[in-house]
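Working through the structure, step by step
Spelled out, the chains give:
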Amino acid sequence: MSDLLRLATAGSVDDGKSTLVGRLLYDTKSVLADQIDAVTRASVDKGLATPDLSLLVDGLRAEREQGITIDVAYRYFATPARSFVLADTPGHVQYTRNTVSGASTAQLVILLVDARKGVIEQTRRHAAVLALLGVPKLVLAVNKIDLVGQDEPTDEARTAAQAAVFTAISAEFNTLTTALGWTAEDVLEIPVSALHGDNVASRSTNTPYYDGPSLIEHLESVPVDADSTGAHSIGLRFPVQYVIRPRTAEYPDYRGYAGQIAAGSVSPGDEVVVLPSGIRTTVARIDTPDGELAVAQPGRSVTLILTDDVDISRGDVIASVADAPEPIDTFDATVCWLGDKPLRAGARLLLKHGTRTTQAIVGTLVERFDEQRLAAEPSPESLALNDIGLISIRVAEPIAADDYRVNRHTGSFLLIDPAGGNTLGAGLVGDVLSAVEVGAGV
(Lines give C-alpha, C1' and ligand atoms only; values in the text may rest on other atoms or scores of the structure.)
Protein backbone atom coordinates (compact mmCIF):
# COMPACT_ATOMS: atom_id res chain seq x y z
CA MET A 1 0.00 0.00 0.00
CA SER A 2 1.32 3.46 -0.90
CA ASP A 3 2.00 5.75 2.08
CA LEU A 4 0.83 8.79 0.06
CA LEU A 5 -2.62 9.22 -1.45
CA ARG A 6 -3.40 12.02 -3.88
CA LEU A 7 -7.10 12.79 -3.80
CA ALA A 8 -9.53 15.47 -4.88
CA THR A 9 -13.10 16.48 -4.16
CA ALA A 10 -15.74 17.19 -6.76
CA GLY A 11 -19.47 17.79 -6.86
CA SER A 12 -22.11 20.40 -7.45
CA VAL A 13 -22.17 23.77 -5.74
CA ASP A 14 -23.49 23.77 -2.14
CA ASP A 15 -23.05 20.02 -1.76
CA GLY A 16 -20.68 20.72 1.15
CA LYS A 17 -17.24 19.97 -0.32
CA SER A 18 -15.38 22.66 1.60
CA THR A 19 -17.14 21.73 4.84
CA LEU A 20 -16.16 18.10 4.31
CA VAL A 21 -12.53 19.04 3.62
CA GLY A 22 -12.53 21.29 6.68
CA ARG A 23 -13.96 18.40 8.69
CA LEU A 24 -11.19 16.08 7.42
CA LEU A 25 -8.54 18.61 8.43
CA TYR A 26 -10.18 19.24 11.81
CA ASP A 27 -10.75 15.58 12.69
CA THR A 28 -7.18 14.61 11.73
CA LYS A 29 -5.83 17.50 13.86
CA SER A 30 -4.17 19.02 10.79
CA VAL A 31 -4.98 22.65 11.63
CA LEU A 32 -3.36 24.92 14.16
CA ALA A 33 -5.17 26.22 17.21
CA ASP A 34 -5.01 29.83 16.01
CA GLN A 35 -6.66 28.79 12.73
CA ILE A 36 -9.51 27.19 14.65
CA ASP A 37 -9.81 30.32 16.79
CA ALA A 38 -9.96 32.51 13.68
CA VAL A 39 -12.63 30.31 12.10
CA THR A 40 -14.63 30.29 15.35
CA ARG A 41 -14.56 34.09 15.54
CA ALA A 42 -15.57 34.43 11.89
CA SER A 43 -18.41 31.95 12.44
CA VAL A 44 -19.69 33.88 15.45
CA ASP A 45 -19.63 37.06 13.38
CA LYS A 46 -21.85 35.26 10.83
CA GLY A 47 -24.28 34.32 13.58
CA LEU A 48 -23.40 30.59 13.59
CA ALA A 49 -23.56 28.48 16.73
CA THR A 50 -20.78 26.11 15.61
CA PRO A 51 -17.53 26.75 13.68
CA ASP A 52 -17.95 26.91 9.90
CA LEU A 53 -15.20 24.47 8.94
CA SER A 54 -15.43 25.41 5.25
CA LEU A 55 -13.53 28.59 6.15
CA LEU A 56 -10.45 26.43 6.72
CA VAL A 57 -10.39 25.86 2.96
CA ASP A 58 -12.14 28.76 1.23
CA GLY A 59 -9.33 31.29 1.38
CA LEU A 60 -10.24 33.78 -1.33
CA ARG A 61 -12.26 36.79 -0.22
CA ALA A 62 -14.81 36.21 -3.00
CA GLU A 63 -15.21 32.62 -1.83
CA ARG A 64 -15.84 33.62 1.76
CA GLU A 65 -18.34 36.28 0.77
CA GLN A 66 -20.28 34.00 -1.58
CA GLY A 67 -19.83 30.77 0.37
CA ILE A 68 -18.51 28.94 -2.70
CA THR A 69 -15.19 27.56 -3.88
CA ILE A 70 -13.67 29.22 -6.95
CA ASP A 71 -10.00 28.24 -6.95
CA VAL A 72 -8.48 24.79 -6.45
CA ALA A 73 -7.38 24.69 -2.80
CA TYR A 74 -4.60 22.22 -2.05
CA ARG A 75 -4.30 20.88 1.48
CA TYR A 76 -1.96 18.42 3.14
CA PHE A 77 -2.84 16.23 6.08
CA ALA A 78 -1.84 12.90 7.57
CA THR A 79 -2.95 10.11 9.85
CA PRO A 80 -0.73 7.45 11.42
CA ALA A 81 -1.54 5.18 8.47
CA ARG A 82 -1.06 7.47 5.47
CA SER A 83 -0.29 10.99 4.20
CA PHE A 84 -2.64 12.86 1.90
CA VAL A 85 -2.48 15.60 -0.71
CA LEU A 86 -6.01 16.90 -1.32
CA ALA A 87 -7.35 19.25 -3.98
CA ASP A 88 -10.69 20.87 -3.16
CA THR A 89 -12.21 21.78 -6.53
CA PRO A 90 -15.11 24.11 -7.43
CA GLY A 91 -18.67 22.96 -7.99
CA HIS A 92 -20.01 25.65 -10.30
CA VAL A 93 -20.36 24.64 -13.94
CA GLN A 94 -18.21 27.56 -15.11
CA TYR A 95 -15.32 26.31 -12.97
CA THR A 96 -15.26 22.78 -14.39
CA ARG A 97 -11.81 23.68 -15.77
CA ASN A 98 -10.53 23.80 -12.18
CA THR A 99 -12.00 20.37 -11.52
CA VAL A 100 -10.08 19.01 -14.49
CA SER A 101 -6.89 20.53 -13.11
CA GLY A 102 -7.39 19.30 -9.56
CA ALA A 103 -8.35 15.75 -10.52
CA SER A 104 -5.75 15.26 -13.26
CA THR A 105 -3.21 13.66 -10.89
CA ALA A 106 -5.63 12.21 -8.33
CA GLN A 107 -5.57 8.54 -7.39
CA LEU A 108 -8.99 8.85 -5.73
CA VAL A 109 -11.77 11.41 -5.97
CA ILE A 110 -14.48 12.07 -3.39
CA LEU A 111 -17.57 13.00 -5.38
CA LEU A 112 -20.24 14.62 -3.22
CA VAL A 113 -23.99 14.71 -3.73
CA ASP A 114 -26.64 16.34 -1.58
CA ALA A 115 -28.77 13.52 -0.17
CA ARG A 116 -31.88 15.61 -0.81
CA LYS A 117 -31.04 16.10 -4.51
CA GLY A 118 -29.29 12.84 -5.44
CA VAL A 119 -27.39 12.32 -8.69
CA ILE A 120 -27.88 15.48 -10.76
CA GLU A 121 -26.56 16.78 -14.09
CA GLN A 122 -23.33 18.14 -12.59
CA THR A 123 -22.72 14.80 -10.84
CA ARG A 124 -22.91 12.99 -14.16
CA ARG A 125 -20.71 15.61 -15.82
CA HIS A 126 -18.04 15.28 -13.13
CA ALA A 127 -18.18 11.48 -13.24
CA ALA A 128 -17.66 11.55 -17.01
CA VAL A 129 -14.70 13.93 -16.69
CA LEU A 130 -13.15 11.75 -13.98
CA ALA A 131 -13.57 8.67 -16.17
CA LEU A 132 -11.85 10.42 -19.08
CA LEU A 133 -9.00 11.48 -16.81
CA GLY A 134 -8.54 7.88 -15.73
CA VAL A 135 -9.07 8.39 -11.99
CA PRO A 136 -8.73 4.87 -10.52
CA LYS A 137 -10.91 5.09 -7.38
CA LEU A 138 -14.13 6.92 -6.47
CA VAL A 139 -15.97 7.61 -3.24
CA LEU A 140 -19.53 8.89 -3.44
CA ALA A 141 -20.12 10.89 -0.27
CA VAL A 142 -23.89 11.21 0.15
CA ASN A 143 -23.71 14.36 2.24
CA LYS A 144 -26.33 16.06 4.43
CA ILE A 145 -27.91 12.68 5.08
CA ASP A 146 -29.00 14.08 8.47
CA LEU A 147 -31.41 16.43 6.68
CA VAL A 148 -33.38 13.58 5.11
CA GLY A 149 -36.61 12.52 6.80
CA GLN A 150 -36.78 15.40 9.26
CA ASP A 151 -40.55 15.51 8.94
CA GLU A 152 -40.96 11.87 9.92
CA PRO A 153 -42.84 11.34 13.22
CA THR A 154 -40.37 8.88 14.79
CA ASP A 155 -36.62 8.20 14.77
CA GLU A 156 -37.28 4.78 13.22
CA ALA A 157 -39.22 6.32 10.34
CA ARG A 158 -36.54 8.93 9.83
CA THR A 159 -33.83 6.28 9.71
CA ALA A 160 -35.89 4.24 7.24
CA ALA A 161 -36.30 7.30 5.00
CA GLN A 162 -32.56 7.94 5.07
CA ALA A 163 -31.81 4.29 4.27
CA ALA A 164 -34.19 4.36 1.30
CA VAL A 165 -32.64 7.55 -0.09
CA PHE A 166 -29.09 6.28 0.37
CA THR A 167 -29.92 2.95 -1.32
CA ALA A 168 -31.57 4.66 -4.28
CA ILE A 169 -28.71 7.13 -4.81
CA SER A 170 -26.12 4.35 -4.52
CA ALA A 171 -27.92 2.21 -7.09
CA GLU A 172 -28.19 5.05 -9.59
CA PHE A 173 -24.55 5.98 -9.11
CA ASN A 174 -23.42 2.37 -9.51
CA THR A 175 -25.24 2.15 -12.83
CA LEU A 176 -23.48 5.30 -13.98
CA THR A 177 -19.96 4.31 -12.84
CA THR A 178 -20.28 0.80 -14.27
CA ALA A 179 -21.17 2.32 -17.64
CA LEU A 180 -18.14 4.62 -17.36
CA GLY A 181 -15.78 1.71 -16.79
CA TRP A 182 -15.30 1.43 -13.03
CA THR A 183 -15.79 -1.88 -11.24
CA ALA A 184 -17.64 -2.39 -7.96
CA GLU A 185 -14.27 -2.65 -6.18
CA ASP A 186 -13.29 0.81 -7.43
CA VAL A 187 -16.33 2.66 -6.01
CA LEU A 188 -17.68 3.09 -2.47
CA GLU A 189 -20.77 5.00 -1.34
CA ILE A 190 -20.80 6.48 2.18
CA PRO A 191 -23.63 8.42 3.89
CA VAL A 192 -22.06 11.39 5.69
CA SER A 193 -22.85 14.60 7.48
CA ALA A 194 -19.86 16.88 7.00
CA LEU A 195 -21.43 19.43 9.34
CA HIS A 196 -21.73 17.03 12.28
CA GLY A 197 -18.94 14.59 11.35
CA ASP A 198 -21.09 11.49 10.85
CA ASN A 199 -19.04 8.74 9.11
CA VAL A 200 -16.13 11.08 8.43
CA ALA A 201 -13.49 10.22 11.02
CA SER A 202 -15.42 7.36 12.62
CA ARG A 203 -18.51 5.31 11.94
CA SER A 204 -21.70 6.94 13.16
CA THR A 205 -24.48 5.39 15.21
CA ASN A 206 -26.89 7.70 13.37
CA THR A 207 -26.69 5.53 10.21
CA PRO A 208 -27.41 1.97 11.36
CA TYR A 209 -28.30 1.00 7.77
CA TYR A 210 -24.66 1.51 6.74
CA ASP A 211 -22.06 -1.04 7.86
CA GLY A 212 -19.04 0.09 5.84
CA PRO A 213 -15.97 2.10 6.84
CA SER A 214 -15.88 5.77 7.68
CA LEU A 215 -14.42 8.08 5.06
CA ILE A 216 -11.04 8.39 6.76
CA GLU A 217 -10.89 4.64 7.42
CA HIS A 218 -11.45 4.04 3.71
CA LEU A 219 -8.87 6.65 2.68
CA GLU A 220 -6.34 5.03 4.99
CA SER A 221 -6.89 1.51 3.69
CA VAL A 222 -7.93 1.77 0.03
CA PRO A 223 -5.32 0.07 -2.18
CA VAL A 224 -4.01 2.46 -4.81
CA ASP A 225 -1.47 2.00 -7.53
CA ALA A 226 1.46 4.36 -6.93
CA ASP A 227 1.86 4.32 -10.71
CA SER A 228 -1.72 5.33 -11.52
CA THR A 229 -0.41 7.82 -14.10
CA GLY A 230 1.58 5.14 -15.93
CA ALA A 231 4.86 6.90 -15.16
CA HIS A 232 6.66 3.66 -14.28
CA SER A 233 5.08 1.50 -16.99
CA ILE A 234 7.02 2.92 -19.95
CA GLY A 235 10.59 3.94 -20.67
CA LEU A 236 12.25 7.28 -20.08
CA ARG A 237 10.40 10.47 -21.02
CA PHE A 238 12.42 13.57 -20.15
CA PRO A 239 11.11 16.88 -21.52
CA VAL A 240 14.02 19.32 -21.66
CA GLN A 241 13.18 22.49 -19.78
CA TYR A 242 16.49 24.34 -19.93
CA VAL A 243 19.95 23.94 -21.43
CA ILE A 244 22.64 24.77 -18.85
CA ARG A 245 25.82 26.35 -20.30
CA PRO A 246 27.71 28.23 -17.52
CA ARG A 247 30.78 29.00 -19.69
CA THR A 248 32.76 29.99 -16.61
CA ALA A 249 36.39 29.37 -15.78
CA GLU A 250 35.32 26.52 -13.49
CA TYR A 251 32.91 24.98 -16.03
CA PRO A 252 34.11 26.10 -19.48
CA ASP A 253 32.63 23.17 -21.42
CA TYR A 254 29.69 22.14 -19.22
CA ARG A 255 26.51 21.35 -21.16
CA GLY A 256 23.60 19.90 -19.21
CA TYR A 257 19.92 19.39 -19.96
CA ALA A 258 17.64 20.20 -17.05
CA GLY A 259 14.07 19.05 -16.53
CA GLN A 260 11.78 16.72 -14.62
CA ILE A 261 11.42 13.04 -15.45
CA ALA A 262 7.86 12.53 -16.70
CA ALA A 263 8.06 8.74 -17.03
CA GLY A 264 10.46 5.85 -16.74
CA SER A 265 13.88 5.99 -15.12
CA VAL A 266 17.39 6.82 -16.25
CA SER A 267 20.89 5.77 -15.23
CA PRO A 268 24.37 6.61 -16.51
CA GLY A 269 25.18 4.40 -19.51
CA ASP A 270 21.59 4.26 -20.79
CA GLU A 271 21.18 4.70 -24.52
CA VAL A 272 18.63 7.40 -25.31
CA VAL A 273 17.15 9.15 -28.33
CA VAL A 274 16.44 12.86 -28.69
CA LEU A 275 13.02 13.65 -30.11
CA PRO A 276 11.89 14.83 -32.57
CA SER A 277 15.35 14.80 -34.25
CA GLY A 278 15.90 11.06 -33.66
CA ILE A 279 19.58 11.46 -32.74
CA ARG A 280 20.89 8.74 -30.44
CA THR A 281 23.40 9.18 -27.65
CA THR A 282 24.21 7.90 -24.15
CA VAL A 283 23.68 9.32 -20.68
CA ALA A 284 27.06 10.06 -19.12
CA ARG A 285 26.00 11.51 -15.77
CA ILE A 286 22.99 12.61 -13.74
CA ASP A 287 23.58 15.86 -11.82
CA THR A 288 21.52 17.35 -8.99
CA PRO A 289 22.22 20.14 -6.47
CA ASP A 290 22.97 17.38 -3.95
CA GLY A 291 25.42 15.52 -6.18
CA GLU A 292 25.33 12.82 -8.82
CA LEU A 293 22.71 10.08 -8.94
CA ALA A 294 23.01 6.44 -9.91
CA VAL A 295 19.38 6.37 -11.01
CA ALA A 296 16.57 8.93 -11.30
CA GLN A 297 12.86 8.06 -11.08
CA PRO A 298 9.66 9.85 -12.25
CA GLY A 299 9.06 13.22 -10.65
CA ARG A 300 12.74 13.86 -9.97
CA SER A 301 14.23 17.10 -11.31
CA VAL A 302 17.72 16.47 -12.65
CA THR A 303 20.28 17.59 -15.17
CA LEU A 304 21.41 15.00 -17.72
CA ILE A 305 24.93 15.06 -19.12
CA LEU A 306 25.26 13.23 -22.44
CA THR A 307 28.35 11.67 -23.98
CA ASP A 308 27.89 13.44 -27.32
CA ASP A 309 27.59 17.11 -28.18
CA VAL A 310 24.01 17.01 -29.46
CA ASP A 311 21.86 19.89 -30.64
CA ILE A 312 19.10 19.91 -28.00
CA SER A 313 16.84 22.78 -26.97
CA ARG A 314 13.87 23.44 -24.70
CA GLY A 315 10.86 21.39 -25.78
CA ASP A 316 12.84 18.40 -27.01
CA VAL A 317 12.25 15.05 -25.28
CA ILE A 318 14.98 12.62 -24.29
CA ALA A 319 13.51 9.11 -24.37
CA SER A 320 14.58 5.53 -24.00
CA VAL A 321 15.46 3.92 -27.33
CA ALA A 322 13.44 0.75 -26.74
CA ASP A 323 9.97 2.34 -26.69
CA ALA A 324 10.43 5.93 -27.83
CA PRO A 325 7.19 7.43 -29.17
CA GLU A 326 7.02 8.38 -32.83
CA PRO A 327 6.84 12.20 -33.06
CA ILE A 328 3.48 13.27 -34.47
CA ASP A 329 2.27 16.44 -36.16
CA THR A 330 -1.32 15.33 -36.89
CA PHE A 331 -3.38 13.37 -34.40
CA ASP A 332 -6.81 12.85 -32.83
CA ALA A 333 -7.37 14.02 -29.28
CA THR A 334 -10.11 14.17 -26.68
CA VAL A 335 -10.59 17.74 -25.49
CA CYS A 336 -12.47 19.30 -22.60
CA TRP A 337 -13.20 22.80 -23.88
CA LEU A 338 -12.75 25.43 -21.19
CA GLY A 339 -13.08 28.63 -23.20
CA ASP A 340 -16.04 31.00 -23.08
CA LYS A 341 -16.08 31.25 -26.88
CA PRO A 342 -16.97 28.01 -28.71
CA LEU A 343 -14.28 25.95 -30.45
CA ARG A 344 -14.78 25.57 -34.18
CA ALA A 345 -12.92 23.78 -36.94
CA GLY A 346 -10.05 25.85 -38.28
CA ALA A 347 -9.26 27.54 -34.98
CA ARG A 348 -5.61 28.58 -34.66
CA LEU A 349 -4.29 28.05 -31.15
CA LEU A 350 -1.12 27.30 -29.23
CA LEU A 351 -0.57 23.76 -27.99
CA LYS A 352 1.59 23.14 -24.92
CA HIS A 353 2.85 19.59 -24.51
CA GLY A 354 5.39 19.11 -21.74
CA THR A 355 7.92 21.91 -22.19
CA ARG A 356 7.16 22.47 -25.88
CA THR A 357 4.72 25.12 -27.08
CA THR A 358 3.85 25.14 -30.77
CA GLN A 359 1.24 26.55 -33.10
CA ALA A 360 -1.74 24.32 -33.79
CA ILE A 361 -4.74 24.24 -36.10
CA VAL A 362 -7.94 22.41 -35.19
CA GLY A 363 -9.07 20.24 -38.08
CA THR A 364 -12.27 18.23 -37.84
CA LEU A 365 -14.64 18.21 -34.89
CA VAL A 366 -15.25 14.48 -34.99
CA GLU A 367 -17.86 14.19 -32.24
CA ARG A 368 -19.21 15.78 -29.09
CA PHE A 369 -19.70 13.67 -25.98
CA ASP A 370 -23.09 13.86 -24.27
CA GLU A 371 -22.08 13.17 -20.68
CA GLN A 372 -25.72 12.87 -19.57
CA ARG A 373 -26.56 10.02 -22.00
CA LEU A 374 -22.96 8.77 -22.39
CA ALA A 375 -23.41 8.93 -26.15
CA ALA A 376 -21.70 10.62 -29.10
CA GLU A 377 -23.05 13.42 -31.27
CA PRO A 378 -21.17 13.14 -34.58
CA SER A 379 -19.78 16.16 -36.46
CA PRO A 380 -20.85 18.99 -34.15
CA GLU A 381 -20.56 22.54 -35.43
CA SER A 382 -18.72 23.64 -32.29
CA LEU A 383 -17.72 22.73 -28.75
CA ALA A 384 -19.07 25.10 -26.09
CA LEU A 385 -17.81 25.77 -22.57
CA ASN A 386 -17.35 22.47 -20.65
CA ASP A 387 -18.12 20.37 -23.74
CA ILE A 388 -16.04 17.25 -24.27
CA GLY A 389 -15.27 16.13 -27.79
CA LEU A 390 -12.98 14.26 -30.14
CA ILE A 391 -11.11 16.51 -32.56
CA SER A 392 -8.21 16.33 -34.98
CA ILE A 393 -5.21 18.63 -34.54
CA ARG A 394 -2.22 19.58 -36.69
CA VAL A 395 0.83 21.17 -35.05
CA ALA A 396 3.64 23.19 -36.59
CA GLU A 397 6.35 21.25 -34.72
CA PRO A 398 6.08 17.51 -34.04
CA ILE A 399 5.52 16.47 -30.42
CA ALA A 400 6.77 13.29 -28.74
CA ALA A 401 3.50 12.22 -27.12
CA ASP A 402 2.14 8.94 -25.81
CA ASP A 403 -1.50 7.92 -25.87
CA TYR A 404 -3.13 9.25 -22.70
CA ARG A 405 -4.24 5.75 -21.74
CA VAL A 406 -0.56 4.71 -21.70
CA ASN A 407 0.74 7.65 -19.69
CA ARG A 408 -1.23 10.55 -18.23
CA HIS A 409 1.75 12.93 -18.12
CA THR A 410 3.08 12.50 -21.64
CA GLY A 411 -0.38 12.03 -23.17
CA SER A 412 -1.88 15.33 -22.01
CA PHE A 413 -1.60 18.86 -23.35
CA LEU A 414 -3.14 22.33 -23.12
CA LEU A 415 -4.71 24.50 -25.80
CA ILE A 416 -3.89 28.17 -25.26
CA ASP A 417 -5.22 31.44 -26.64
CA PRO A 418 -2.33 32.86 -28.72
CA ALA A 419 -3.54 36.42 -28.09
CA GLY A 420 -4.19 36.47 -24.36
CA GLY A 421 -2.37 33.38 -23.10
CA ASN A 422 -5.47 31.95 -21.42
CA THR A 423 -5.93 28.19 -21.21
CA LEU A 424 -8.81 27.26 -23.52
CA GLY A 425 -8.77 23.48 -23.46
CA ALA A 426 -7.37 20.41 -21.71
CA GLY A 427 -6.44 17.70 -24.18
CA LEU A 428 -5.82 13.96 -24.01
CA VAL A 429 -3.96 12.34 -26.88
CA GLY A 430 -6.05 9.61 -28.53
CA ASP A 431 -9.71 8.62 -28.60
CA VAL A 432 -10.30 8.36 -24.85
CA LEU A 433 -14.02 8.84 -25.43
CA SER A 434 -14.43 5.39 -26.95
CA ALA A 435 -14.03 3.82 -23.52
CA VAL A 436 -17.00 5.68 -21.98
CA GLU A 437 -19.54 5.97 -24.80
CA VAL A 438 -22.12 3.30 -24.14
CA GLY A 439 -25.16 4.75 -25.86
CA ALA A 440 -28.30 6.50 -24.78
CA GLY A 441 -30.44 5.73 -21.79
CA VAL A 442 -27.85 5.36 -19.03
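Quick notes on the rules
Residues numbered from 1 in each chain as written. Predicted model: local features only at pLDDT ≥ 70, side-chain atom pairs only at ≥ 80, totals over all residues. Heavy atoms only, no water. Helix = DSSP H or I, 4+ residues; strand = E, 2+ residues; numbered from the N terminus. Buried < 20%, exposed > 50% of the residue type's maximum accessible area, 1.4 Å probe, protein only. Lys, Arg positive; Asp, Glu negative; His and termini not counted. Salt bridge = Lys/Arg side-chain N within 4 Å of Asp/Glu carboxyl O. Polar contact = N/O pair within 3.5 Å; in protein donor to acceptor, adjacent residues only side chain to side chain. Contact = heavy atoms within 4.5 Å. pLDDT = per-residue confidence, 0-100. Core = buried A, V, L, I, M, F, W, Y, C linked by side-chain atoms within 4.5 Å. Pairing = 2+ DSSP bridges. Expected span 1.5 Å × (residues − 1). Arc of directions from axis to C-beta. Phe/Tyr/Trp six-rings, centres within 6.5 Å; stacked < 30°, edge-to-face > 60°.

Right, let's get into the side chain of Asp 198. Mapped onto the secondary structure, Asp 198 falls in the loop between strand E6 (187–191) and helix H7 (215–221). Nearest to the buried, unbridged Asp 198 among oppositely charged side chains is Arg 158, at 7.8 Å. Within the structure, the side chain of Asp 198 is placed 3.3 Å from the side chain of Asn 206, a separation counted as a polar contact. Ignoring any residue separated from it by four or fewer positions in sequence, one finds Asp 198 in contact with Pro 191, Val 192, Ser 193, Ser 204 and Asn 206.

This part covers the pattern of salt bridges. In total, this model carries 18 salt bridges according to the counting rule given. When the shortest N-O distance is used, the salt bridge between Arg 237 and Asp 323 registers 3.4 Å. Residue Arg 237 is found in strand E7 (residues 237–244), and its partner Asp 323 is found in the loop between strand E13 (317–320) and strand E14 (328–337); the two are separated by 86 residues along the sequence. In this structure Arg 237 comes out as buried when scored by relative accessible area, which is 1%. Among the salt bridges present, the one from Asp 370 reaches Arg 373, with a minimum N-O distance of 2.9 Å. What you see here is one network of salt bridges that share partners, running through Asp 114, Arg 116 and Lys 144.

Turning to the confidence of the model for the protein chain, a few remarks are in order. On average, the protein chain scores 88 in pLDDT, and the residues at 70 or more come to 91%. Per-residue pLDDT stays below 50 along residues 60–70; that stretch engages in 24 contacts with residues further than four places along the chain or on separate chains.

On to the environment of Pro 80. Relative to the elements of secondary structure, Pro 80 occurs in the loop between strand E2 (73–78) and strand E3 (83–88). Residue classification places Pro 80 among the exposed positions, given a relative accessible area of 91%. Each C-alpha atom, one on Pro 80 and one on Thr 28, is 9.6 Å from the other, the two residues being 52 residues apart in sequence.

Attention now moves to the nonpolar core. Membership of the largest hydrophobic core comes to 75 residues, with the highest contact counts inside it found for Val 109 and Ile 110. At seven residues, the largest contribution of residues to this core is made by helix H5 (residues 121–133).

Attention now goes to the side chain of Thr 288. With respect to the helices and strands, Thr 288 occurs in strand E10 (residues 279–288). In this structure, Thr 288 is in contact with Leu 293, Arg 300, Ser 301 and Val 302, ignoring residues within four places of it in sequence.

Time to look at the pairing of strand E19 (residues 412–416). Sheet topology note: the strand E15 (residues 348–353)/E19 ladder contains three bridges and is antiparallel. By the bridge assignment for E19, Leu 350 is matched with Ile 416.

On to the environment of Asp 370. Along the chain, the position of Asp 370 falls in strand E16 (residues 356–370). Between the alpha carbons of Asp 370 and Arg 125 there is a distance of 9.0 Å; along the sequence they are 245 residues apart. A distance of 2.9 Å separates the side chain of Asp 370 from the side chain of Arg 373, its partner in a polar contact.

All right, on to helix H2 (residues 33–45) then. Here H2 contains 13 residues, and its C-alpha end-to-end distance of 18 Å stays within 8% of the 18 Å for a straight helix at 1.5 Å per residue. Taken as a whole, H2 has its buried residues at Ile 36, Val 39 and Ser 43. Looking straight down H2, one finds that the buried residues subtend no more than 65° of arc, so they occupy a single side. Every exposed residue of H2 that faces more than 90 degrees away from the buried side is listed here: Arg 41, Val 44 and Asp 45. Those residues of H2 hidden inside the fold are in contact with helix H1 (17–27). Gly 47 sits one or two residues past H2 and shows a positive phi near 85°.

On to the pairing of strand E9 (residues 271–275). Most of E9 sits inside the fold, with four of its five residues counted as buried. Sheet analysis places E9 next to E10, joined by four bridges and oriented antiparallel. By the bridge assignment, Glu 271 is partnered in E10 with Thr 282. In this antiparallel pair of consecutive strands, E9 and E10, the connection spans three residues, and Gly 278 shows a positive phi of 85°. Relative to E13, E9 runs antiparallel, the two being bridged by four bridges. Within E13, the position partnered with Val 274 by the bridge is Ile 318.

Okay, the packing of aromatic side chains next. The description of an aromatic ring pair rests on the distance of the ring centres and on the angle between the ring planes. Scanning the model with the defined rule gives five aromatic pairs in all. Here Phe 166 and Tyr 210 contribute two aromatic rings whose centre-to-centre distance is 6.0 Å and whose plane-to-plane angle is 85°, an arrangement assigned as edge-to-face. One end of the pair, Phe 166, is in helix H6 (residues 155–179); the other, Tyr 210, is in the loop between E6 and H7, with 44 residues separating them in the sequence. For Phe 166, a relative accessible area of 9% corresponds to the buried category.

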